[in-house]
Amino acid sequence: MSLAYYKEENKDMQKNEYDVIIIGAGVEGCMIARELSRYKLRILLIEKNDDVATGTTKANTGIVHAGYNAAVGSNKASMNVRGNALFDTIASELNVPFERIGDYVVALTDEDIPKIEALLDKGKKNGVPGIEILSKEEMLRREPNLNPNLKLALYAPTGGMVDPIGLSIAAAENAIDNGVEIKLLTEVKNLLKKGKRIVGVETNRGNFYGKWIINSAGLYSDVIMKWAGIESDFKITPRKGEYFIFDPSYKPIHSILFPTPTPTTKGILVTITTYGNIGIGPNDEETEDKEDKSTTYPGLKEVMDGGKRLVPSLNMKYIIKEFAGLRARGNAGLMHDRYSSMIPRDFIMEVPDDVVEGFVNLAGIESPGLAASPGIAEWVVNALKEHGLKMEKKKDFNPIRTPIPSFASLSREEQARLIEKDPRFGRIVCRCENVTEGEIVRAIHAPLPALSYDALKRRLHIGMGRCQGGFDTPRTIEILSRELGIPPVKVTKNGDDSFFLKRETKSVEAKK
Amino acid sequence: MREKAIDVAIIGSGPAGMAAAISAKQAGAEDVLLIDREIEEGGILNQCIHNGFGTQIFRKDLTGPEYVHFFAEKVMASNVKVWNDTMVLELTPEREIYAISPERGMVKIKARSVVLAMGCRERPRGAINIPGDRPSGVYTAGTVQRLINIEGYMPGERFVILGSGDIGMIMARRVTLEGGRVERVVEILPYLSGLRRNYSQCIVDYNIPLQLSHTVVRINGRKHLESVTIAKVDEKRKPIAGTEETIPADTLILSVGLIPENELSKQAGVLIDPLTGGPYVDESMQTNIPGIFAAGNVVHVYDLVDWVSKAGELAGRSAGKYAVKHKEESRRKIRLLPGKNVHHIVPQFFDPLSLEEGEQKIQFRVTKPFETTVKVSMIGNNNKKVKERILRYARPSEMIEINIPQSIIGSLSRVKTLSIDVEEVKNA
Amino acid sequence: MPEKEEITKLICIMCPMGCELKVLHKGKDVLKVEGNGCPLGIKFAKEELTNPKRVIITTVQVEGGLYPLVPVRSEKPVPKSVFFKILEELRKVKVKAPLKFHQVVLKNAMNTGVNIITTRALPKA
């Protein structure tokens, strides 16, 4: 399976016909694929990168928002609250760590107080369960390292943390298990049309035909819309957010802590990830470049200052990593809600069949897109049903995804048994996260194969500890080379020309 | 799960661990087990193919592999059990070790005493917050050393090296000898952080451009490193705007410091000195947990491997004695404190009565370089100076060792702390 | 033209101390060495000004070994003038595993009378 990516593409035309083609394997695309795999359909999930969840999903804080931020009546609000409610089932079926650790919005000044009260009101109208305002004393009792000058805080017990990448991988794996086909390293170059109807996609690996095409292309959803011939003035302007991640041994807080939001962002927050690291970020900078995931001094400083506003004692000495991600912000403006009042047209979710047929459009899905993703997947299924796609449930749909055993999280006895069965689990390749060769080999040969170092990192958290890959990199390159059957110089960090090695040490003459 | 009871377990078979194994045996311990995650003993020295090792212990200038060879021979000859390809997952305060290997599976080892000899690890990019992209082509020096010397691959052709520590300079030479080009070595400090001899034979010998008071301010390249932006820094080590220079390069080597590797130590409840990053130890290299000893770069980062082995020898001897005869007495310890211009001291505690057995050695590093004569004073908390010594120079890159002579034992009877000061001697 | 007395600054590499030497010399004749911590410093200064030498340390390719390379060194320092030539020679050397400790991989390198030897034993893969 994995080796196929290094060989010529199969040009068999008959195999290229599907009921549904999903463009983009971010968290939305993967969740939609998984939800559709409950039905007797031929489904194709297409991704331009060498793995799922490499775009806007990758640099996401991982918060499953409770749903008090979005405007009452907006798609954001309804999808967020619905998606959040579906998370317990989905996370347990997909075996993804998810915890409702609760989220807090902290008022640091007197001016913040009415804003917090407004959030409470919005949250109640949006149907957020259990939302309440906490006194300063209660907030400090729960999080003693918070800024002692805080006034009060909003508490939403349904706020949770999930690993967005892990969730996407799990959803994709489960979808594959249930018959979905996935094509990585496959970039859509145009849409194929027959009259008013979109009939397929043109890609670097040939054409694929589908009765329905779903645009879940994230940062590139505006480009797909243009090709579809709708809303040529819609534009995604990436908003960059930078983050810091701390050593997991450092834990000054243990929940999700937001400052009081501004009209455009939720602000720089301090949170604990599902893997126990403290994370701070993101700031919010506009960029024109959809691939610009670079960090900057001013940006990182802003994040640091923001984090320290909430938790003044934050010790930067424990930072092990910084990175940036891009939010897919659209410019869709306002729309009328069902009471004819104006609300933001935030998440675009539509079947624009007055203009094109066979096209489901999802665009401008930024935060809280992760929390909303199960809701959006559910909406897509309903939309396809309403628009006449014959959808018959499979009897043999298996909702459970069995992950690769995570050696580090097993008991000593379980570890001992695992090594007895497969001695490769007895060799630690990543010493900080205790990842074994056994796990690496399995991930490379999984239904959704890990083809690069970063793909392994996303699945196994290899190289994410204190030494940040210093120890495991040479060993992992060797394993990737061996298992993929490619020379070590062809092993990449994350596809394209992100090679680790240039040449053999002795392959050129020394220059003088 | 297999269980095994032994006298002394040594975690890590680098220069500290091998020396500890030999001396534990010599101290009378029967069953000594040397555990290492690599497939052969020697630790990181196996990839340090350059010379400069062994001048103190072997009176010879050896390469890393040669140093390992001679030590490994002694280990073999002393009937120490060696378990390679074995990773210690956990150490408990009761000195139980959970270790795994493909060959033996999981083994629970009960040791009468333990020597921590896990060495150190390199500070990665994240720890120094270099902004920019996150492409391939950014490595720590040790990783590049392993790739070039052991695995047989060059990561690139045009290199920038951040950090003028010994590993950084040695890699500059190594890369050059293998046909790579070192475009620049940049050092954030206004002085070299490694040994001068390495500056001479690794940098000057090959005309490699080195810039002090400079640092990398941006990493450029979406998928693979394309260039590195450097800038001059002010006295506070902050980049000065307008001094940026972008150097095309496909590999950035980070040589920005080593951190003692103490995850296992912490699991076992061993307390860590924030100044060294390693355990607090006493004159016998015992940590705060009875029966758990530590030696080498796990305690504090050394600049000479010979001293690492000497520390290992001491820790091994103490661990061996402890295993033979549980010595559980708690005696009065004097706390050694870093004073003027001193960054840290090892050991942090010492038993004045140990002077009855002979002089005791202490090691420390200064906070800044002194190129002229300095005076080292050892001052008790009663403000009495108990010892003074003159040194020709003192540099942060070179650890300083001084003795506490037997003769001062009398003057320590009421002393609780001793602080070490280093000061310039005017008109020496 | 008679050679003038001059001072050259060197960093001694005989041991990790790295003494900073001030060498007073007339051409290749060393008149006085200052700053040396031991007699090796004088020896180094004299040699550095007449015929500077360095130990060669690198790796050579191995066939069928536990690792693809084996570390090697010159038994003694070799003149800097032939240093890179020997290095080039060594790039072409390919030895077969198993290898013994201090096994010669290149004899009498560039007629210096110095052998290049392994610095470790290397078993077969």
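Residues numbered from 1 in each chain as written. Chains lettered and ligands numbered in written order. Predicted model: local features only at pLDDT ≥ 70, side-chain atom pairs only at ≥ 80, totals over all residues. Heavy atoms only, no water.

### Description of the interface of chain B and chain C
Okay, step 1: On the side of chain C, 32 residues touch chain B, which itself brings 37 residues to the contact.
Okay, step 2: Summing the contributions of chain B and of chain C, the shared interface buries around 2,900 Å²; its carbon and sulfur component is 54%.
Okay, step 3: Applying the counting rule to chain B against chain C returns six salt bridges.
Okay, step 4: Between Arg73(C) and Glu66(B) there is a salt bridge whose closest N-O contact spans 2.7 Å.
Okay, step 5: Where chain B touches chain C, the interface holds 14 residue pairs in polar contact (both at pLDDT 80 or more).
Okay, step 6: Counting only elements with at least two residues in the side of chain B that touches chain C, the list comes to β3 (51-53), β4 (62-63), α2 (64-77), α4 (141-151), α5 (166-177) and α6 (196-203) of chain B.
Okay, step 7: At five residues, the largest contribution of residues to the side of chain B that touches chain C is made by α6(B).
Okay, step 8: For the side of chain B that touches chain C, the per-class residue count stands at 13 nonpolar, eleven polar and 13 charged. (Contact = heavy atoms within 4.5 Å. Buried area = accessible area lost by both parts, 1.4 Å probe. Salt bridge = Lys/Arg side-chain N within 4 Å of Asp/Glu carboxyl O. Polar contact = N/O pair within 3.5 Å; in protein donor to acceptor, adjacent residues only side chain to side chain. Helix = DSSP H or I, 4+ residues; strand = E, 2+ residues; numbered from the N terminus. Nonpolar A, V, L, I, M, F, W, Y, C, P; charged D, E, K, R; others polar.)

### Some details on the domain arrangement of chain A
All names here are of chain A.
Okay, step 1: Parsing chain A into structural domains produces domain 1 (4-57 + 165-234 + 330-386), domain 2 (103-157 + 237-327) and domain 3 (407-499).
Okay, step 2: Each of domain 1 and domain 3 has a C-alpha centre, and these two points are 30 Å apart.
Okay, step 3: Between domain 1 and domain 3, the residue contacts involve 14 residues of the former and 13 residues of the latter.
Okay, step 4: Taking both sides of the interface into account, the surface hidden between domain 1 and domain 3 amounts to around 1,200 Å²; carbon and sulfur atoms contribute 67%.
Okay, step 5: Taken together, the links from domain 1 to domain 3 amount to two salt bridges.
Okay, step 6: Among the ionic pairs, aspartate 51 bridges to arginine 459, the shortest N-O distance being 2.7 Å. (Domains from an automatic or database assignment.)

### As for the side chain of Arg401(A)
All names here are of chain A.
Okay, step 1: Looking at the element boundaries, arginine 401 is found in the loop between α8 (369-386) and α9 (412-421).
Okay, step 2: Overall, arginine 401 belongs to the buried group, its relative accessible area being 10%.
Okay, step 3: A polar contact is formed between the side chain of arginine 401 and the backbone oxygen of leucine 94, at a distance of 3.1 Å.
Okay, step 4: The contact partners of arginine 401, leaving out residues within four places of it in the chain, are Glu93, Leu94, Asn95, Val96, Ala170, Glu173 and Asn174. (Buried < 20%, exposed > 50% of the residue type's maximum accessible area, 1.4 Å probe, protein only.)

### Observations regarding empty space enclosed by the protein
Okay, step 1: If you walk through the whole model with that rule in mind, you get four cavities of 30 Å³ or more.
Okay, step 2: Reported here for the largest cavity is a volume of approximately 400 Å³.
Okay, step 3: In this structure, the largest cavity is lined by 24 residues; those nearest its centre are Gln468(A), Gly469(A), Lys493(A), Arg134(B) and Val138(B).
Okay, step 4: Of all elements in the fold, only α11 (453-460) of chain A together with α3 (125-128) and β10 (138-140) of chain B reach the threshold of two or more residues within the lining of the largest cavity.
Okay, step 5: Of the residues in the lining of the largest cavity, the class split is nine nonpolar, ten polar and five charged. (1 Å grid on protein atoms, 1.4 Å probe; cavity = no way out; pocket = protein on both sides within 12 Å on 5 of 7 lines; lining within 4 Å. Points joined across faces, edges and corners; volume = space filled by probe spheres on them.)

### Digging into the packing of aromatic side chains
Okay, step 1: According to the stated counting rule, one finds 15 aromatic pairs over all chains in the structure shown.
Okay, step 2: Look at Phe83(C) and Phe84(C): their rings are 5.7 Å apart centre to centre, the planes differ by 65 degrees, and that puts the pair in the edge-to-face class.
Okay, step 3: Overall, Phe83(C) belongs to the buried group, its relative accessible area being 5%.
Okay, step 4: Chaining the aromatic ring pairs together yields one cluster made of Phe58(B), Tyr67(B), Phe70(B), Phe71(B) and Phe101(C).
Okay, step 5: Just above the ring of Trp212(A) sits the side chain of Arg197(A); from NZ or CZ to the centre is 5.9 Å.
Okay, step 6: The ring of Phe471(A) is capped by Arg475(A), whose NZ or CZ atom sits 4.1 Å from the centre of that ring. (Phe/Tyr/Trp six-rings, centres within 6.5 Å; stacked < 30°, edge-to-face > 60°. Lys NZ or Arg CZ within 6 Å of the ring centre and 35° of its normal.)

### A look at the packing of helix α10 (residues 437-444) of chain A against α11(A)
Residues and elements named next belong to chain A.
Okay, step 1: Direction vectors running N to C along α10 and α11 enclose 115 degrees, while the axes themselves pass 10 Å from each other. For the element pair α10 / α11, the angle class is roughly perpendicular. Judged by the twist between their axes, the crossing of α10 over α11 is right-handed. Two secondary-structure elements touch here, α10 through Glu439, Ile440, Ala443 and Ile444 and α11 through Leu456, Arg459 and Leu460. (Axes fitted to C-alpha atoms, helices over the stretch in contact; angles between N-to-C directions. Parallel < 35°, antiparallel > 145°, perpendicular 65-115°, else oblique. Left-handed = near helix turned anticlockwise from the far one by under 90°.)

### Notes on the sheet that holds strand β3 (residues 63-64) of chain A
All names here are of chain A.
Okay, step 1: Here three strands make up an open sheet; going across it, the order is β3-β8-β4 and the pairing antiparallel. Two strands lie at the open edges of the sheet, namely β3 and β4 (98-99), each paired on one side alone.
Okay, step 2: Pairing of β4 with strand β8 (residues 160-162), which is carried by two bridges, proceeds in the antiparallel orientation. The residue of β8 that forms the bridge with glutamate 99 is methionine 161. (Pairing = 2+ DSSP bridges.)

### Looking at the packing of α5(B) against α6(B)
Residues and elements named next belong to chain B.
Okay, step 1: At a minimum axis separation of 8 Å, α5 and α6 run at an interaxial angle of 15 degrees. Compared by their axis directions, α5 and α6 come out roughly parallel. With respect to the hand of their crossing, α5 and α6 are arranged in left-handed fashion. Only Asn198, Tyr199, Gln201, Cys202 and Ile203 of α6 make contact with α5, whose side of the interface consists of Asp166, Met169, Ile170, Ala172 and Arg173.
Okay, step 2: By residue class, the composition of the contact of α5 with α6 is six nonpolar, two polar and two charged.

### Looking at the sheet that holds strand β17 (residues 245-248) of chain B
All names here are of chain B.
Okay, step 1: Read across the sheet, three strands follow the order β15-β16-β17 without closing on themselves; strand pairing throughout is antiparallel. Strands at the two margins of the open sheet, each flanked by one partner only, are β15 (214-220) and β17. On average, each strand axis in the sheet is inclined to that of its neighbour by 30 degrees, with strand direction left out of account.

### Let's talk about the pairing of strand β18 (residues 251-254) of chain B
All names here are of chain B.
Okay, step 1: Residues Thr251 and Ile253 line one face of β18 and the alternating positions Leu252 and Leu254 line the opposite face, and both faces are buried.
Okay, step 2: With three bridges connecting them, β10 and β18 associate as parallel partners. If you follow tyrosine 139 over to β18, its bridge partner there is isoleucine 253.
Okay, step 3: Alignment of strand β12 (residues 158-162) against β18, held across four bridges, turns out to be parallel. Its bridge partner being in β18, leucine 162 is matched across the sheet by leucine 254.

### Some thoughts on unusual backbone geometry
Okay, step 1: Looking along the chain, the bond that leaves Val346(B) and enters Pro347(B) is cis, with omega of -5 degrees.
Okay, step 2: By the secondary structure assignment, Pro347(B) is in the loop between β22 (342-346) and β23 (349-350).
Okay, step 3: Following Ala97(C), the chain continues into Pro98(C) via a peptide bond in cis, with omega recorded as 0 degrees.
Okay, step 4: Here Pro98(C) lies in the loop between β8 (94-96) and β9 (104-106).
Okay, step 5: The backbone of Asn434(A) sits at a positive phi, close to 50 degrees, despite the residue not being glycine.
Okay, step 6: Mapped onto the fold, Asn434(A) is located in the loop between β23 (428-430) and β24 (435-436).
Okay, step 7: Despite not being glycine, Arg59(B) has its phi angle at roughly 55 degrees, a positive value.

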